[in-house]
Amino acid sequence: MDGDDMRLEPSPSADPFAALRDAASAAARNLGLEADVQQVSAEHWQRVLAAVAARSRLRGLDLPEGWQEMLAEQMGRQ
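Just so it is clear, the model here is predicted, and its values are computed rather than measured. (Residues numbered from 1 in each chain as written. Predicted model: local features only at pLDDT ≥ 70, side-chain atom pairs only at ≥ 80, totals over all residues. Heavy atoms only, no water.)

Student: Sorry, what's going on with the overall build of the protein here?
Tutor: Along the backbone of the protein there are three helices and zero strands. When the 78 residues of the protein are sorted by exposure, 33% land in the buried category. Intrachain contacts of the protein at a sequence separation of at least 6 include 64% that bridge at least 24 residues. (Helix = DSSP H or I, 4+ residues; strand = E, 2+ residues; numbered from the N terminus. Buried < 20%, exposed > 50% of the residue type's maximum accessible area, 1.4 Å probe, protein only. Contact = heavy atoms within 4.5 Å.)

Here you go:
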């Protein structure tokens, strides 16, 4: 898979973080991480966050303040 497989589109759903969760999962797969996002190392999680942020910028989406912590919580990370 390449980076083009990671989609980050505004979601019409009531859950504004659904697209970010999907992007984080896709980023982990694209980075070749075998573990669930909840179980990847802190270093790999930072790479996932960087990929999500980069994709957001490419799509022209503004991420809210503290999005990294909110996403980590929603993804089951400590």
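We are not done yet, so read on.
Student: What is the right way to read the nonpolar core from this model?
Tutor: Here is a general trend for soluble globular proteins: nonpolar side chains tend to be buried in one another's company. One finds Trp45, Val48, Val52, Trp67 and Leu71 to be the most contacted residues of the largest nonpolar core, which totals 18 residues. Where this core is concerned, the elements lending two or more residues are helix H1 (18-30), helix H2 (42-59) and helix H3 (67-74). If sequence neighbours within four positions are ignored, tryptophan 67 has contacts with Phe17, Leu20, Leu49, Val52 and Ala53. (Core = buried A, V, L, I, M, F, W, Y, C linked by side-chain atoms within 4.5 Å.)

Student: Mind showing me how you'd approach the packing of H1 against H2 here?
Tutor: When two helices pack together, you describe them by how their axes are tilted relative to each other and by the distance separating the axes. At their nearest, the axes of H1 and H2 sit 9 Å apart, and the two run at 120° to each other. Comparing their axes, H2 and H1 come out oblique. The interaxial crossing formed by H1 with H2 has right-handed handedness. Listed contacts from H2 to Leu20, Ala23, Ala24, Ala27 and Ala28 of H1 are Val48, Ala51, Val52 and Ser56. Per-class residue counts for the contact of H1 with H2 are eight nonpolar, one polar and no charged. (Axes fitted to C-alpha atoms, helices over the stretch in contact; angles between N-to-C directions. Parallel < 35°, antiparallel > 145°, perpendicular 65-115°, else oblique. Left-handed = near helix turned anticlockwise from the far one by under 90°. Nonpolar A, V, L, I, M, F, W, Y, C, P; charged D, E, K, R; others polar.)

Student: What exactly am I supposed to notice about the environment of aspartate 22 here?
Tutor: Of note, aspartate 22 is situated in helix H1. Between the alpha carbons of aspartate 22 and valine 52 there is a distance of 9.5 Å; along the sequence they are 30 residues apart.

Student: Where do I start with the confidence of the model for the protein in this structure?
Tutor: Per-residue confidence for the protein gives a mean pLDDT of 83; residues scoring 70 or more make up 82%. Across the protein, the secondary-structure element scoring lowest on mean pLDDT is H1, at 90, and the one scoring highest is H3, at 94. (pLDDT = per-residue confidence, 0-100.)

Student: Hey, could you run me through the side chain of arginine 77 in this one?
Tutor: Relative to the helices and strands, arginine 77 resides in the segment after H3. At 3.4 Å, the side chain of arginine 77 and the backbone oxygen of glutamine 38 are in polar contact. Non-local contacts of arginine 77, meaning those with residues more than four positions away in its chain, are made with Val37, Gln38, Gln39, Val40, Ser41, Ala42, Trp45 and Ala72. (Polar contact = N/O pair within 3.5 Å; in protein donor to acceptor, adjacent residues only side chain to side chain.)

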